[in-house]
Amino acid sequence: MLLTPKEIPNLLRSAKTVAVVGISDKPDRPSFGVSQYLLENSEYEIFFVNPLVDEVLGKQVYKTLKDIPVHIDIVDVFRKPADCLQVLDEAIAIGAGAIWLQLGISVPEVAERGSAAGLAVVMDRCIKIDYAAL
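Asker: Explain helix H3 (residues 81-94) here, please?
Answerer: Count 3.6 residues to each turn of an α-helix, and residues three or four apart come out pointing the same way. Relative to the 20 Å expected for 14 residues at 1.5 Å per residue, H3 spans 21 Å between its end C-alpha atoms, a close match to the ideal helical length. Buried residues of H3: Asp83, Cys84, Val87, Leu88 and Ala91, and no others. The buried residues of H3 occupy an angular sector of 155 degrees when the element is viewed end-on, so they sit on one face. Every exposed residue of H3 that faces more than 90 degrees away from the buried side is listed here: Ala82, Gln86 and Ala93. Lining the buried residues of H3 we find strand E1 (17-21), strand E5 (74-77), strand E6 (98-101) and helix H4 (108-116). Remark: Gly95 follows H3 within two positions and exhibits a positive phi of approximately 75 degrees.

Structure (structure tokens):
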């Protein structure tokens, strides 16, 4: 279901694991900054996914979501809108709890299909901003 702003804090409080899909090894990219913040300021176990990178912020980077050896509560997506449905399919396949599209990214079909598959859906919001507001 597409979460309302009032429901997002409950998701963030209950989550234990976050997979950042589209992590970049470039410090000027939003995915890098958000991930660094979460690593330093949250208690989440953070996993990175990018088939083109091996390590970021001292952590292993997985090629796909299915390669991560634990259950993922939130799939945090840093990809262009055209790639979000593929990430959604992977999130559904691994039984993730939620899919989170970053600021500026809204894909109605992700909301529809994600909700139908039982995932919590967040779109056009920054997990770093929402986490900091807790």
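Asker: Honestly, the nonpolar core in this entry has me stumped. Any pointers?
Answerer: Within soluble globular proteins, side chains that are nonpolar generally end up buried alongside one another. If you look at the biggest cluster of nonpolar residues, it comprises 26 residues, and the most contacted ones within it are Tyr44, Ile74 and Trp100. Breaking this core down by element, the ones donating at least two residues are helix H1 (8-14), E1, helix H2 (30-41), strand E2 (45-49), E6, strand E7 (120-122) and helix H5 (127-132). Filtering out sequence-adjacent residues up to four positions away, Ile74 remains in contact with Leu11, Leu12, Ala15, Thr17, Val18, Ala19, Ala98, Trp100 and Ile127. The next biggest cluster of nonpolar side chains, apart from the first, holds 24 residues, and it includes Val49, Leu65, Ile99 and Val110.

Asker: Whenever I open this one, the pairing of E5 confuses me. Can you help?
Answerer: Within a regular strand, the side chains alternate between the two sheet faces. Residues Ile74 and Asp76 point to one face of E5 and Val75 and Val77 to the other, with burial holding for every one of them. Relative to E5, E1 is paired through four bridges, and the arrangement is parallel. Directly across from Val18, in E5, lies its bridge partner Ile74. Taken together, the four bridges between E5 and E6 define a ladder with parallel strand orientation. Across the sheet, Asp76 pairs through a bridge with Trp100, a residue of E6. Traced from E5 through H3 to E6, the parallel crossover comes out right-handed.

Thresholds applied
- Residues numbered from 1 in each chain as written.
- Predicted model: local features only at pLDDT ≥ 70, side-chain atom pairs only at ≥ 80, totals over all residues.
- Heavy atoms only, no water.
- Helix = DSSP H or I, 4+ residues; strand = E, 2+ residues; numbered from the N terminus.
- Expected span 1.5 Å × (residues − 1).
- Buried < 20%, exposed > 50% of the residue type's maximum accessible area, 1.4 Å probe, protein only.
- Arc of directions from axis to C-beta.
- Contact = heavy atoms within 4.5 Å.
- Core = buried A, V, L, I, M, F, W, Y, C linked by side-chain atoms within 4.5 Å.
- Pairing = 2+ DSSP bridges.
- Right-handed = clockwise from strand over helix to strand, strands pointing away.

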